[in-house]
Structures are given as C-alpha cells and as structure tokens.
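# Per-entry structural report
Letter by letter, the chains look like this.
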Amino acid sequence: MARPEGAASTGCCRGPIWRPFTALMESLATPRRSSFMPEPSGGAAASRRLFAPLIPSLALSTSTDSNENKTNTTRSANKYCLDKNYGGFLIVWDRLFGTFEAERDEEPVVYGLVDQPQSSNILYLQFFYIRDILKKAREQETWGNFFRALLYGPGWSPGTQRLGDLETFPDVRFPRQKYDPQVPFWLKSYISVHFLVTLFLQQLLTFNLKMYPAVTAAAAFVFILTSICNISALFDAWPWCGAVEVARCGAFLAYARATPVSGVPLVDDFLISLFFASAVLWTFRTTLAGAALKPLKLLRAL
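Below, the structure is looked at part by part.

To continue, consider the pattern of salt bridges. Two side chains carrying opposite charge are able to pair once their charged atoms lie near each other. Going through the model one piece at a time under the given rule, you end up with two salt bridges. One salt bridge connects Arg-131 with Asp-132, and the closest N-O pair in it is separated by 2.9 Å. With a relative accessible area of 44%, Arg-131 lands in the partly exposed category. The partly exposed category is assigned to Asp-132, whose relative accessible area is 28%. For the salt bridge of Arg-248 with Glu-245, the shortest nitrogen-to-oxygen distance reads 2.8 Å.

Given below as structure tokens:
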C-alpha cells in the first residue's frame, strides 16, 4: 500500500500510543510557529561540541545543517532506517547506545510508512494504527503475546525479539508510488477555499478562546475538527462526504444567522454566502447520487 510520503506521517506508528492525540490537538488548536522563532537545533550543535572531545568515536560534526540528514532516517521506510535515530536533535544518544544510522548517498530515503494506507483522511491517519494494534493483539493466542503486541515494536511477531525480525520486513526502495488521487479542478478549488476558511475559523477560536462560553468553544472545536477531516476525506471520495458537508454547512448557517462570527459584516456575509452555496451544491449532488443508486439497488434485490 502507499500514501503520501510525508515525514510527519511516521509519528503515529513509531511514537507512543498517545502521539496521535497530541499531534491532532496541536495541529488544530494552537497557532503555528512563527518564521522568526528559531528552531531548537542549537541543542544538537551544543551536544556535539560537548561530547565530541570526550568520545572521539562519535565523530560528530559541528554543523547544525547536517543534523537534518541524520533525522531523515527516522522518517523513512527504508529497511536500514527502521528503529534508528530515536534521539532527534539530540542524536548523540543514538551514537552512545548503538541506534545511530547515517543517511546513505547510494540509497535515497523513502519517506512514510512501510505499509501505508491509501487515504488522505486526517482523522483516519491519526487513529488507524491504534486500530491495527488492537486487531493484532486480539489475534494472539496467549496473554503474554497479547501484551507484547500492544507494547512491542510495530514489526514484532510471536517468536521474534522486541522490534521484530528485520529480515522479514519489506525492503522499500526509491522511487515508490505515491498515493495521489485525481480529483476534478472544481473539487480542488472547493477544498482549497474551505481549508482556508477553516484555518481562519481556527485562528478566531484560538485568539478569542477566553471570550467564548465553554459550550460555544467546544462546539467550535468540533466544527473545525469535522471540517478538516471531511475536507481531507473528499480526496478519497468517501461515500458520506456529501451528507457530512450538507450537515456541516447547515450547522454553520444556523449559528451565523443568529451570532456574528468574525464581527466584520463583510466577512460574515461572505462566509454565509459561501456556506449556503456549498450546502446547495452538496444537497444537489447527494440527491443525484442517491437517485442514481436506486436502480442498482433494485437490480441487486431481484
């Protein structure tokens, strides 16, 4: 299987089981890091200068730029990169404990997971691996293996070590086909516009959170979460996307008619017009799709 080969997609499978929850909350409820804020890469250079004189075998570079090449292996699906470079920007600890692996020039890294789901749905991508872990645990015949399936590495299988047998893993090589569903131009435009609107609403929620009642803030968070998940699921042609879009746009219209959203009349009028047109669009498309499926259901019944 394949899916977008983004570096961030590996976190839910190699981090703790609670990583999907924190990643999702961070992406939806916090402002993005400013481009003027320095990245925490200085610790890498500091650790190199501190430990290199004491441990010559580390052979650490003092260039912070080279550290990104080391962490690339953490995000890749190549066999030689699996379960390596846990330290991130403190890569010195991998040098000390034997889990360091440098990027190989002769074998380009393939970003992503070893076995990747074909989906762009953000909510699914955050939680699918937890589902797979639980399914794997239920298939075990002993309680010991049940807990090993939950706590050991993703490549573990009965009779192997904690991280599994590396020789049995797929040998992923570059280039690998990406999950790239083709959607019409109008749908790409629709997704782009609603994504920007959702981002705008998320920023409103972030900066005005203390002013909102708890119920309003919770409802706004659920709306933003539903929006970003359903917008991403449109790429996958999820059968329920149309119905969810009608409900989502209807919920926004019901709220916006009684309460100003941004406090700027021109902006609020634009948002109401956009969501009204979107609700009409998806009502029309969902109705047509249901009418087209009725003959097929009758034929199957016969």
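Of note, Thr-198 is situated in helix H8 (residues 185-207). Residues within four places of Thr-198 in sequence aside, it is in contact with Ile-224, Ser-227, Ile-228, Ile-231 and Arg-248.

The N-to-C vectors of helix H6 (residues 122-138) and helix H7 (residues 143-151) enclose an angle of 165 degrees; their axes lie 8 Å apart at closest approach. Considering the angle they form, H6 stands roughly antiparallel to H7. Crossing hand, H6 versus H7: right-handed. Judged by residue contacts, Ile-133, Leu-134, Lys-136, Ala-137 and Arg-138 of H6 engage Phe-146, Ala-149 and Leu-150 from H7. Class assignment of the residues belonging to the contact of H6 with H7 gives a composition of six nonpolar, no polar and two charged.

Reading guide: rules and limits
Counting restarts for each chain: residues are numbered from 1 in the order of the written sequence. Totals for whole chains, interfaces and linings use every residue, but because this is a predicted model, local features are given only for residues with pLDDT of at least 70 and side-chain atom pairs only at 80 or more, for both listing and counting. The basis for every side-chain value is the complete set of non-hydrogen atoms in the structure, without hydrogens or water. Definition used for salt bridges: Asp or Glu carboxyl oxygen within 4 Å of a side-chain nitrogen of Lys or Arg. For each residue, the accessible area found with a 1.4 Å probe, counting protein chains only, is set against the maximum for its type, and the residue is called buried under 20%, exposed over 50%, and partly exposed in between. Under the DSSP-based scheme used, a helix requires at least four consecutive residues in state H or I and a strand at least two consecutive residues in state E, with every element numbered from the N terminus. Contacts: residue pairs with any heavy atoms within 4.5 Å of one another. Only the stretch in contact is used when a helix axis is fitted, and all axes are lines through C-alpha atoms; the angle between N-to-C directions ranges over 0 to 180 degrees. Reported orientations rely on four angle classes, namely roughly parallel under 35 degrees, roughly antiparallel over 145, roughly perpendicular from 65 to 115, and oblique for the rest. The sense of a crossing depends on the near helix, which, turned anticlockwise from the far helix by less than a right angle, makes the crossing left-handed and, turned clockwise, makes it right-handed. In this count, Pro and Cys sit with the nonpolar residues alongside Ala, Val, Leu, Ile, Met, Phe, Trp and Tyr, while Asp, Glu, Lys and Arg are called charged and the others, Gly among them, polar.

In short, shape yes, function no, at least from these values alone.
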